[in-house]
Amino acid sequence: VQLQACGGGSVQPGGSLRLSCAASGIIFRFNDMGWYRQAPGKQRELVARIISGGSTTYTDSVKGRFTISRDSAKDAVYLQMNSLKPEDTAIYYCNAKNPFERGEYWGQGTLVTVSS
């Protein structure tokens, strides 16, 4: 199983980035996909999740600014991040979990830095 995340970078406050995560080795359509982040000195937290049926959830701090989506034809999940704030600075991780199986999978992380 591989979750290959990319799209991180450095932007100024108010800027935008789009993270992508390509999945292989899993039956993508059966998996709930999520983006987590971990800021320095903090615990990893869920940012957004999209289940296999397409429903989405977001942590309160990103509602209205971030959008998660998935493309089953490409076995990929995306996180569109707009109006970025310094507090969004973190390593962002892609996650896959099949609700009918034990365990979950993590990508390698991509760094997002928001700074002026």
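Preceding block: the structure.
Residues numbered from 1 in each chain as written. Predicted model: local features only at pLDDT ≥ 70, side-chain atom pairs only at ≥ 80, totals over all residues. Heavy atoms only, no water.

1. Considerations on the nonpolar core
For clarity, the cut-off: Each nonpolar core is a collection of buried residues, namely Ala, Val, Leu, Ile, Met, Phe, Trp, Tyr and Cys, held together in the definition by side-chain atoms within 4.5 Å. Think of it in three bands: residues with accessible area under 20% of the maximum for their type are buried, residues over 50% are exposed, and the middle band is partly exposed, with areas taken using a 1.4 Å probe on protein chains only. Helix and strand labels come from DSSP, where a helix needs a run of H or I of at least four residues and a strand needs a run of E of at least two; each type is numbered from the N terminus.
In terms of nonpolar packing, the biggest core is built from 28 residues, with Trp35, Leu79, Met81 and Tyr92 touching the most fellow members. Broken down by secondary-structure element, the contributors of at least two residues to this core are β1 (2–6), β3 (17–24), β4 (32–38), β5 (45–50), β7 (66–71), β8 (76–81), β9 (90–97) and β11 (110–114).

2. As for the sheet that holds β3
The following threshold applies: By this definition, two strands are paired if DSSP reports at least two bridges between them. To define axes, lines are fitted to C-alpha atoms, for helices over the stretch in contact only, and angles between the resulting N-to-C directions are given on a 0 to 180 degree scale.
Reading across the sheet, the four strands line up as β1-β3-β8-β7 and stay open at both edges, with antiparallel pairing between neighbours. Every interior strand has two partners, whereas the edge strands, β1 and β7, have only one. Taken over all neighbouring pairs, the strand axes of this sheet differ in orientation by 15 degrees on average, direction set aside. The sheet contact formed by β7 and β8 spans six bridges and is antiparallel. Directly across from Arg70, in β8, lies its bridge partner Val77.

3. Side note on the pairing of β5
As defined by bridge partners, β4 adjoins β5 across five bridges and the pair is classed as antiparallel. Considered in β5, the bridge of Met33 is made with Ile50. In this structure, the hairpin formed by β4 and β5 is closed by a connection of six residues, where Gly41 is found at a positive phi of approximately 75 degrees. Pairing of β5 with strand β6 (residues 56–58) involves three bridges; the strand directions are antiparallel. Note that in β6 the partner of Ile50 across the bridge is Thr56. Remark: five residues form the turn of the hairpin made by β5 and β6, two consecutive strands paired antiparallel; Gly54 in that turn has positive phi of roughly 105 degrees.

4. A look at the pattern of salt bridges
Basically, it comes down to this: Salt bridge, as used here: a side-chain nitrogen of Lys or Arg that lies within 4 Å of a carboxyl oxygen of Asp or Glu.
In total, this model carries four salt bridges according to the counting rule given. Taking the shortest distance from any N to any O, the salt bridge between Glu45 and Arg37 comes out at 2.7 Å. On the basis of relative accessibility, which here comes to 32%, the residue Glu45 falls in the partly exposed class. With its nearest N and O atoms 3.0 Å apart, the salt bridge here joins Lys63 to Asp60. Each of Arg37, Glu45, Arg65 and Asp88 takes part in salt bridges that share partners, so that together they form one network.

5. Considering the side chain of Asn98
The following threshold applies: Residue contacts are counted whenever heavy atoms from the two residues lie within 4.5 Å of one another.
Assignment of secondary structure puts Asn98 in the loop between β9 and β10 (105–106). Those residues in contact with Asn98 that lie beyond four places of it in its chain are Phe30 and Asn31.

6. Thoughts on the state of the cysteines
In a disulfide, the sulfur atoms of two cysteines are held together by a covalent bond. Rule in force here: The criterion for a disulfide is a pair of cysteine sulfur atoms lying within 2.5 Å.
Throughout the structure, instances matching the rule amount to one disulfide. What pairs with Cys21 in a disulfide is Cys94, and their sulfur atoms sit 2.1 Å apart. Torsion about the S-S bond of the Cys21 and Cys94 cystine: about -85 degrees, corresponding to left-handed handedness. Of this pair, Cys21 sits in strand β3 while Cys94 sits in strand β9, and the two are 73 residues apart along the sequence. Accessibility expressed as a relative area gives 1% for Cys21, which makes it buried. The class for Cys94 is buried, based on a relative accessible area of 0%.

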